[in-house]
Amino acid sequence: MRLKVLLREKHWQTYQTFCTEYDRAAKGIDLGLVGSWPSRAQFHRWLSGELKGLPYPHHCRVLETMLPGWTAEQLFELCPPEESNQPSSNPDEPMAADVADLLTTIEHSVDTPQSGEISWGTTSRTIPAAKARLSGARSPASDHAQELGRRLLQLQRERRLNDADVTELAGLSGHVVELSKTIGLDIAEDGAARLEYRFDMLNLSDKPQARMTREVWFEHTTGPLVIKPIPDIDRRVAIQRMHDTTNLSKFAFQISPPLRPGEWARVGYVCEGGKFDLNHYWRESMPRYCRHYEINVRQHHIDLGGCTATEEHPDGSENSATDSLIWDIEGKDAVMSLTRDHLRPNQAVTLRWEPIREPA
């Protein structure tokens, strides 16, 4: 695991030393996180590669502070022996293996974007026919393709993406991509819910993006659904309500300044007023390509009788997603975390759980 390699380089690989450095980093984030380091058994699972998915979000925040330049996702990747484990020190160094192929892929994808037909997690998608056409005409890539290519290389440096990741993103040119979608669902003892969405949006289209439509639905509500922007995000967001019923709201969030082609930014909103009663599940349908999806649920004062997750595909088939599901009991609360990668439009992810309430 890359985490194990980096800790060894800093001589932090012993449990006691790790906890000391963990607390040092936690103080700079939130004093309430001091002392929240993992148990010795959890720490062993982190370093041995036995952990499925990622640790709880507060652990990820502290680890990213302890080891700047690496995301939590990268820290829990297998690390090839021949790979350099130091972030690039030269921000101007080109990182894509073949920039010409990258621009060719962008040029072709912008001209003929395919919605929902591109599979993530595959090999590079350079388009041979388009490559031959462009090279035969000795025509340079368009200004738009060159700008997207430059932005993708910048994104690669900042996010520490590998060449395959960047090539796949280039193949999605013409679309708006969710680099990450993080959902926080906090459910009170009486079932009242607070829902928080955070998106890292990447605009690979040829037009500025100033408005994106969304909807949110609950089976039960405590009153009208209240939707408002999250303050600590990269752009100003205004909520435009379009259609409301008792338990459904269709709306748009308007972004200012607009997200220009090649730009990425974090936006988000909070929804309150929903309620969980008899049925306990959350189903998320993907309106666009999503590189990393994560949902974290905390329900107060319950125990869990069971917890499952499924991933649905555009053709109607489905598969289990429990391999990336983590759940636990913290004090009197049930906590669940589900992560999935490389999702396509019209896919859906469903998390279901069976609460067992303590007798009154």
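Residues numbered from 1 in each chain as written. Predicted model: local features only at pLDDT ≥ 70, side-chain atom pairs only at ≥ 80, totals over all residues. Heavy atoms only, no water.

1. Quick notes on the pattern of salt bridges
(1) Moving on: The tally for this structure, following the rule as stated, stands at 23 salt bridges.
(2) Moving on: The salt bridge involving Arg2 is made with Glu77; its shortest N-O contact spans 3.0 Å. Taken as a pair, Arg2 in helix 1 (residues 2–9) and Glu77 in the loop between helix 5 (72–75) and helix 6 (99–111) lie far apart in primary sequence, 75 residues in all.
(3) Moving on: Judged by its relative accessible area of 3%, Arg2 is buried.
(4) Moving on: Among the salt bridges present, the one from Arg283 reaches Glu312, with a minimum N-O distance of 2.9 Å. Remark: Glu312 occurs in strand 10 (residues 302–312) and Arg283 occurs in strand 8 (residues 281–285); sequence separation between them is 29 residues. (Salt bridge = Lys/Arg side-chain N within 4 Å of Asp/Glu carboxyl O. Helix = DSSP H or I, 4+ residues; strand = E, 2+ residues; numbered from the N terminus. Buried < 20%, exposed > 50% of the residue type's maximum accessible area, 1.4 Å probe, protein only.)

2. What to know about helix 4 (residues 57–66)
(1) Moving on: Within helix 4, burial applies to His59, Cys60, Val62, Leu63 and Met66. Projection of helix 4 onto a plane perpendicular to its axis shows the buried side chains occupying an angular sector of 165 degrees, all on one side.
(2) Moving on: Buried residues in helix 4 make contact with helix 1, helix 2 (15–27), helix 3 (40–48) and helix 5. (Arc of directions from axis to C-beta. Contact = heavy atoms within 4.5 Å.)

3. Comments concerning the environment of Tyr22
(1) Moving on: In this structure, Tyr22 sits in helix 2.
(2) Moving on: By relative accessible area, Tyr22 is classed as buried at 0%.
(3) Moving on: Distance in space between the C-alpha atoms of Tyr22 and Gly35 is 8.2 Å, their sequence separation being 13 residues.
(4) Moving on: Apart from the residues within four sequence positions on either side, Tyr22 is in contact with Leu33, Ser36, Trp37, Pro38, His58, His59, Val62 and Met66.

4. Here's the deal with the sheet that holds strand 8
(1) Moving on: If you walk across this open sheet you meet the four strands as 8-14-10-11, and the pairing is antiparallel. In the strand order of this sheet, the two ends are held by strand 8 and strand 11 (318–320), each with one partner. Strand-to-strand twist of the sheet, defined as the mean angle between neighbouring strand axes without regard to direction, takes the value 20 degrees. (Pairing = 2+ DSSP bridges. Axes fitted to C-alpha atoms, helices over the stretch in contact; angles between N-to-C directions.)

5. Notes on the packing of aromatic side chains
(1) Moving on: Summed over the entire model, instances satisfying the criterion amount to 14 aromatic pairs.
(2) Moving on: Ring geometry for Phe18 and Tyr22: centres 5.9 Å apart, planes at 50 degrees, overall tilted. Of this pair, Phe18 and Tyr22 both sit in helix 2, four residues apart, which is roughly one turn of that helix.
(3) Moving on: Residue Phe18 is classed as buried on the basis of its relative accessible area of 0%.
(4) Moving on: Ring centres of Phe199 and Tyr269 lie 6.1 Å apart, and the angle between their planes is 35 degrees; this geometry places the pair in the tilted category. Of this pair, Phe199 sits in strand 2 (residues 192–203) while Tyr269 sits in strand 7 (residues 264–275), and the two are 70 residues apart along the sequence. (Phe/Tyr/Trp six-rings, centres within 6.5 Å; stacked < 30°, edge-to-face > 60°.)

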